[in-house]
Structure formats: C-alpha cells, structure tokens
Amino acid sequence: MTTVEIKKDLRQILSEKRYEHTLGVEYTAACLAMRYGADMEKAKLAGLLHDCAKQLSTEDKLAYCEQYGLSVSEYEARNPELLHAKLGALFAKIRYGVDDPEILSAITWHTTGKPEMTLLDKILYIADFIEPNRDQAKNLPQVRKMAFDDIDDCLYRILEDSIVYLNGRNITVDPMTQITYESYKAIRKNQK
C-alpha cells in the first residue's frame, strides 16, 4: 500500500483524535530520524502504523492474538490495551504489507520498550511520547528538548518518569517496561 492508501484506511478505522495522534507521531519520528541519521521513510511508516490496532475491542485483541498464535502475558491478559503494539506489528505485516523487521520491531515495542532497542525502536518510542498533540506528561518541554539533544538520555528519562508516575498511583508496571528501565539504568551506571 502507498502512504496515501494507508492514511485513507487509518482515517476510517481510527477515531479522529487517534488519527491526529498518529500523524503527530509520523511527523515527530521523521524529525528524530533526520536528527539522528536514521531512515526517515522507515520512521514515518512506523509512526503511521504504530497504533493501527489501537481501536480494537478487548475481545478482538484477544481473539486476534489467539488466531495468529501471539503470546499474551499474564500482565497483558489483565491489561489487554497493551496488546495493540504487537497486534499493530501483525497488522502492519498482513494488512499493510510491511515486512521490514526494523519497522515491525519498532511498532511491537513502542509501548513498553525493551532492552537493547535499535535506533528506530527508540525513535518511535520517544515520538509516541512527545508528538505535538501530547500535553499531559510531566516534564514534557524538557523531554522534548532532550529528544533532540541525546536520544539515550531522553529514553531513560521517559522510562524513569513512567515508572515514577505508575508507582505513585499504585499501578503495577508492565514487567517489560520495568526490565527495560533496569537495563538502561545499568547502562547509565556503567557509563559513569
């Protein structure tokens, strides 16, 4: 599918607010790709498709995971909204014809992160957090600046702020987010 065809399809399946967010992530991912010398077209496509499964019902998310043999962790079963990331990668492949493993990885990990993220993984994770339509996150102006100064510092800051936010509200942190945070925390400690 062409970008125009993908956008036309997404406009039909996403809410207006989610579609605007998607365009914001596409734009921000392209900007970050330019800044860090990543493939801009891959970043734009990952940004465009990152939430393509977001609007599925809980029942549909679970049914698609079962149908396509995608594993569902205990945490994901209790929080099925997280399944949109791995389903987004699946839909990018089967619905939109994307077979690039870098793009599919970035979509898969854009919500929780993972240890040893690629540059494109980091770009999409950060773009999803800082895109222009976002306005609720703590420290957003500083995080946006960090995104263009040092991508690794920015990634760590988003992970740390997310952990603090969730813990402060007695919300259980997704195990993969915790593992990702601990991984990047160890890297930072070893660099000092």
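All values derive from a computational prediction rather than experimental measurement.

(A) Highlighting the overall build of the chain. Along its length, the chain carries 11 helices and zero strands. Listed N to C, the secondary structure of the chain is α-α-α-α-α-α-α-α-α-α-α in terms of helices and strands. In summary, the chain has a C-alpha radius of gyration of 16 Å against a globular reference of 16 Å for 192 residues, a match within 12%. For the chain, the C-alpha atoms occupy an extent of roughly 45 × 35 × 30 Å along the three principal directions. Buried positions account for 46% of the 192 residues belonging to the chain. Counting only contacts in the chain whose residues sit at least 6 apart along the sequence, the fraction spanning at least 24 positions is 59%.

(B) Here's a closer look at the packing of aromatic side chains. Scanning the entire structure with this criterion turns up three aromatic pairs. Consider the rings of tyrosine 64 and tyrosine 68, whose centres lie 6.4 Å apart with planes at 25°: the pair is stacked. Residue classification places tyrosine 68 among the partly exposed positions, given a relative accessible area of 37%. With a centroid separation of 5.0 Å and 85° between ring planes, the pair formed by tyrosine 64 and phenylalanine 91 is classed as edge-to-face. On the criterion of sequence distance, the pair formed by tyrosine 64 in helix α4 (residues 58-67) and phenylalanine 91 in helix α6 (residues 83-94) is long-range, its members being 27 residues apart. The partly exposed category is assigned to tyrosine 64, whose relative accessible area is 28%. Its relative accessible area of 7% is what places phenylalanine 91 among the buried residues. Clustering of aromatic rings is evident, with ring pairs tying together Tyr64, Tyr68 and Phe91.

(C) Structural detail: the packing of helix α7 (residues 101-108) against helix α8 (residues 119-130). For the pair α7 and α8, the least separation of the axes is 8 Å and the interaxial angle reads 40°. Put simply, α7 runs oblique to α8. The way α7 lies across α8 gives a crossing that is right-handed. Residues Glu102, Ile103, Ser105, Ala106 and Ile107 of α7 form the contact with α8, whose own contacting residues are Leu120, Asp121 and Leu124. Its residues assigned to classes, the contact of α7 with α8 shows five nonpolar, one polar and two charged.

Conventions and cut-offs
Residues numbered from 1 in each chain as written. Predicted model: local features only at pLDDT ≥ 70, side-chain atom pairs only at ≥ 80, totals over all residues. Heavy atoms only, no water. Helix = DSSP H or I, 4+ residues; strand = E, 2+ residues; numbered from the N terminus. Rg over C-alpha atoms; globule rule 2.2 N^0.38 Å. Buried < 20%, exposed > 50% of the residue type's maximum accessible area, 1.4 Å probe, protein only. Contact = heavy atoms within 4.5 Å. Phe/Tyr/Trp six-rings, centres within 6.5 Å; stacked < 30°, edge-to-face > 60°. Axes fitted to C-alpha atoms, helices over the stretch in contact; angles between N-to-C directions. Parallel < 35°, antiparallel > 145°, perpendicular 65-115°, else oblique. Left-handed = near helix turned anticlockwise from the far one by under 90°. Nonpolar A, V, L, I, M, F, W, Y, C, P; charged D, E, K, R; others polar.

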